[in-house]
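# Architecture and fold: a report
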Amino acid sequence: MKDKDNKEAFGNLPDCVADYIRLVIKKMRWQRKACADVQAELIGHFEDALKDCKTDEEREKTAKKLIDNFGDAKLIAVLARRAKKRCRPLWQKILIHSFQALVIVSIYLSICGVYISSGKPNISVNYVEWLNTYVRQGRDESLNIAPLLKKAAELSIDEPNWLKKSNASWPGDFNETQLHEFENWLAQNKQVLETLRKALDKPYYWNIYDANKSDFTNMQVLASPMKELSNFRRLAKLVNWQIRYSAFKNNFEEATNKAIELCDLGQRMQGNGMLVEQLVGIAIESTGHSAISQMIDKTTPTTEQLERIQNFLQQNYNDTVIDISGERALVYDYIQRYFTDDGKGGGKPVRQGTGFAGKNTLQIIFNILTFNLPDKKEIIEQIDNIYDTCQQGFQTANLETMKEQLNKALYNSPMLMKIVLPAFEKVGELSWRVKTQRDGLITTLAILRYRQQTGKYPDSLDELLNKGFINKMPYDVYRNGPLTYRKTNNNFILYSLGEDLVDNGGKVIYNDKGQPRIWPQKDGDAVFWPVPHPVK
Amino acid sequence: MAMKFERELLKGIAPVVVLEILSRGRMYGYELSEAIEAKSQKILTLGQGTLYPLLYNLEAQKLVKGQWVTAPSGRKRRYYSITSKGKERLDTDKVQLADLFKALKLVFGSAVVPA
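So, a few notes on the structure that sits alongside this text. (Residues numbered from 1 in each chain as written. Chains lettered and ligands numbered in written order. Predicted model: local features only at pLDDT ≥ 70, side-chain atom pairs only at ≥ 80, totals over all residues.)

## What to know about the overall build of chain B
When helices and strands are tallied, chain B shows five helices and three strands. In chain B, the order of α-helices and β-strands from amino to carboxyl end is α-α-β-α-α-β-β-α. Relative to its full complement of 115 residues, chain B shows a buried share of 27%. A separation of at least 24 residues holds for 47% of the contacts in chain B among residues at least 6 apart in sequence. (Helix = DSSP H or I, 4+ residues; strand = E, 2+ residues; numbered from the N terminus. Buried ≥ 20, exposed ≤ 12 C-beta atoms within 10 Å, placed from the backbone. Contact = placed C-beta atoms within 7 Å.)

Here's what the structure looks like:
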């Protein structure tokens, strides 16, 4: 039907003309309407040119001459197509060019997409298993606190709701009903405290990670420890109250033992394992310090009792440094899962691995678009450098220097590492903060002993040191020097400058609930003595 | 005397010639090619095939306007007429051509055609 219509369109024109016009239209390859217009015009042209021919022979001869005059059909088609394209309205031109640009960009992006998703990583190391070996350090399983600690944490019963909401920090603050309920709660947790006692007979703490869930990157490996850590904190709270209750009941010996155990547990959890576990260790140690402060504030311990606690804290004074080997293993695992493997230690990032391809989003996009992704070796070298710098930073007692070192590492790090590194800075600070708190407690104990032995407070910390009541000057990480000590009317004040690095004269800051902030962010100091009390 | 000019030489002249012919009245393709030959006494013969692309280009530049007209015989023809923009361009081009001829005369002497 279409062919018939097409033949009719050419009317009486010789076949050679019809073929010529068909060829032009075929080669034109353009919009149907434009082609139809050109065809109609050419047909008209040939019809006009041949109208005076008398015979078929003459028509054929003239037609051939005309075709010669018209020239190459392909060339005519190309020229006509170009000209017709130019005839399009501006909006159509913009639309078409935009679409073409979009197609080109899409194709380019698809190629980039293929580039960053092609290649297969080679998962050859089980980093969870490596971490298990690392934290265990070849010790016998019977020396590990963790299993019994987990058991104790599982058995522990949560504190009553009213106690959670209460501002009270000492059993003496409770009314009769509350005290009765409080004692019941402690009695219900008797087995827990006994299990914890047994746990602390063991010298070391290390977690056992589930090596079957060997993929660090989906965080399942850490899901179970996270839940346990939350239970540990609940356990520490229980022990904290038990210490206060024992001291309240004048059983200072038991209170001291439990307080020492709590500090001990906190210390053992530091310097080993994942960062989050070490953070919980810091918090537990801090709880222990706080419990001891409450004891010596609310009771009147003997010189021997004070000396015993001080000796424990001094002898067990362990300059534990935060260890980020667990986090390093996690990053290594990430790299092995999101970098290809060329068999020589090199490879390119694939998928999420592109987070390592630059210092920021723009650089990553640029590197992807220019097919300039970093090599695995190069990234591992960078990661090692960053972690080594951070590890060195943690050992630096000067907070400013530590932050400088960590920021240096942060500046040079790939974007993905920039998410992790600020947390390192905070952990480093917290680690030094608990050491300052420990120094504050040791010094307080020493000053109280000094007072009991001499009947007066020392004029300065130097005097305390010179007379052998302390074995080193207490260090304030926020001052990068000794803690601030002053004698007051029949008492003394001992504090750290705190986060704002400003001496606010030992001012205590309270939260909305009237609880004193141990480490206020600004306008106050971290006061160790006199022990700040909640606002009633 | 029909003459095939060098393509490049004719390239700049052809649009002016077409515009000039159309400035005298609307025409369809074949009519236009005949008119060019007649007016130039067969000296200028545009390749007939290139005439149509040339017309489409002029149309794209809005110098001419094409319109389909159905004759009483039923035959459809596309008539081209010069637009006001086309007239302006023609005036400019004519001035430039006049200057060109002047310059050519100066170069070649009184006769434009070199000896």
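Structure shown, so let's carry the discussion forward.
## Observations concerning the overall build of chain A
Secondary structure assignment for chain A yields 21 helices and five strands. At 41 Å, chain A has a C-alpha radius of gyration far larger than the 24 Å of a compact globule built from 536 residues. Overall size of chain A, expressed as C-alpha extent along the three principal axes, is 145 × 55 × 50 Å. Residue burial in chain A is summarised as follows: out of 536 residues, 37% are buried. Residue pairs in contact within chain A that sit at least 24 positions apart in sequence constitute 66% of those at least 6 positions apart. (Rg over C-alpha atoms; globule rule 2.2 N^0.38 Å.)

## Details of helix H2 (residues 15-28) of chain A
Helical geometry note: an α-helix holds 3.6 residues per turn, so side chains three or four residues apart project in the same direction. All names here are of chain A. Over its 14 residues, H2 runs 20 Å from end to end, which matches the ideal 20 Å to within 8%, given 1.5 Å per residue. All of the buried residues in H2 are Val17, Tyr20, Ile21, Val24, Ile25 and Met28. Mapping the buried residues of H2 onto a view down its axis gives an arc of 130°, with all of them on the same face. In H2, the exposed positions angled more than 90 degrees off the buried face are occupied by Asp15 and Lys26. Buried residues in H2 make contact with helix H3 (32-50), helix H4 (56-70) and helix H5 (73-86). (Expected span 1.5 Å × (residues − 1). Arc of directions from axis to C-beta.)

## Some words on the interface of chain B and chain A
It is common to give the size of an interface as the accessible area lost on bringing the parts into contact. Contact with chain B, which involves 17 residues of that partner, is made by 18 residues of chain A. Looking at the side of chain B that touches chain A, the elements that each hand over two or more residues are helix H3 (29-39), helix H4 (48-60) and strand S3 (76-82) of chain B. Examining the composition of the side of chain B that touches chain A, we find that nine residues originate from one element, H4 of chain B, more than from any other. Split into classes, the residues belonging to the side of chain B that touches chain A amount to six nonpolar, six polar and five charged. (Nonpolar A, V, L, I, M, F, W, Y, C, P; charged D, E, K, R; others polar.)

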